[in-house]
Amino acid sequence: GESVGLHLPTLSVQEGDNSIINCAYSNSASDYFIWYKQESGKGPQFIIDIRSNMDKRQGQRVTVLLNKTVKHLSLQIAATQPGDSAVYFCAESLLSGYSTLTFGKGTMLLVSP
Amino acid sequence: GAGVSQSPRYKVAKRGQDVALRCDPISGHVSLFWYQQALGQGPEFLTYFQNEAQLDKSGLPSDRFFAERPEGSVSTLKIQRTQQEDSAVYLCASSLVPDGEKLFFGSGTQLSVL
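In this report, we go over the structure that sits alongside the text. A quick note: this is a predicted structure, and the numbers were derived from the prediction, not measured.

Now for the sheet that holds strand 3 (residues 19-24) of chain A. Residues and elements named next belong to chain A. Sheet architecture is open: four strands sit in the order 3-8-7-6, paired in antiparallel fashion. Across the chains shown, the open sheet's two edge strands, defined by having one partner strand only, are strand 3 and strand 6 (56-58). Across the sheet, the mean angle from the axis of one strand to that of its neighbour is 15 degrees, orientation sign disregarded. As defined by bridge partners, strand 3 adjoins strand 8 (residues 72-77) across six bridges and the pair is classed as antiparallel. Residue pairing in the sheet places I20 in a bridge with Q76 of strand 8.

All names here are of chain B. Tallied over the full model, the rule gives two disulfides over all chains. Two residues share a disulfide in this structure: C23 and C92, whose sulfurs sit 1.9 Å from each other. Residues C23 and C92 are joined by a disulfide whose S-S torsion is about -65 degrees; by sign, that bridge is left-handed. Here the residue C23 occupies a position in strand 3 (residues 19-24), and C92 occupies one in strand 9 (residues 88-95), the gap between them amounting to 69 residues. Neither C23 nor C92 differs from the other in exposure class; each is buried.

It is worth spelling out the pattern of salt bridges at this point. Following the criterion strictly, the structure yields eight salt bridges over all chains and no others. For R64 of chain B, the salt bridge identified is with D86 of chain B, shortest N-O distance 2.8 Å. One end of the pair, R64 of chain B, is in the loop between strand 6 (53-56) and strand 7 (65-68); the other, D86 of chain B, is in the loop between strand 8 (75-79) and strand 9, with 22 residues separating them in the sequence. What makes R64 of chain B buried here is its relative accessible area of 12%. Given a relative accessible area of 2%, D86 of chain B falls into the buried group. Here the residues in one salt-bridge network are D49 and R57 of chain A together with K102 of chain B, joined through shared partners.

Definitions and cut-offs
Within each chain, residue numbers correspond to sequence positions counted from 1 in written order. For naming, the first written chain is A and the first written ligand is 1, with later ones following in the order written. Note on the predicted model: pLDDT of at least 70 is required for a residue's local features to be given, and 80 or more for side-chain atom pairs to be given and counted; whole-chain, interface and lining totals, by contrast, use all residues. Calculation of side-chain values draws on the structure's entire complement of heavy atoms; hydrogens and water are dropped beforehand. At least two bridges found by DSSP between two strands are what make those strands a pair. Where helices and strands are cited, they refer to DSSP runs of H or I of at least four residues and of E of at least two residues respectively, numbered from the N terminus. To obtain an axis, a line is fitted to C-alpha atoms, over the contacting stretch when the element is a helix, and the angle between two such axes runs from 0 to 180 degrees between their N-to-C directions. We call a pair of cysteine sulfur atoms a disulfide when they lie within 2.5 Å. Accessible area is worked out with a 1.4 Å probe on protein chains only. A residue is then buried under 20% of its type maximum, exposed over 50%, and partly exposed in between. A pairing counts as a salt bridge when a side-chain nitrogen of Lys or Arg comes within 4 Å of a carboxyl oxygen of Asp or Glu.

Take a look at the structure:
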């Protein structure tokens, strides 16, 4: 289930389950969104991105869904594996002008074998 | 290596000491960003370079923070007279294109100010 820990919301799943991580972004003008995975002691690792002219984009085992009406982004991970355990951040920016990436607060995904 | 490289990996400084953090971006990447990440938080923007030009430094928390990228490749983030609140992980990221699409991050420098 999903719970709010001391610092980060945490999603705990069993190996093989599908995981859905949600993110609410702040700027309705943002037109570019990225999901990053961050393991302990490492920098954020690019997973998948999506531009605002799309609602859905699929990668290998991952799918990003974008709902601009409610400013919501989700990351779906199929057949979650223990190696997927990490903190996941969504980030938004404005490519049509110039802006930097603004990161959300992050969700910790814990995958049990 | 092919990724963004940062050094040192860890830095312990006494309060009041000056520190310099180095970033080697991916070769040929035009954009370079510095971010600060506090424990349990997402990275927060500090400054942005396009080649050697520092186009945005609006995220630098005070005038004790200074960044440079004199030849458009390696960048250094300098913090003068460090304070305890400067303790964080400092992340460098680079991108092939000017608008910062698909940023690739280094592993960061963990700065602890005692």
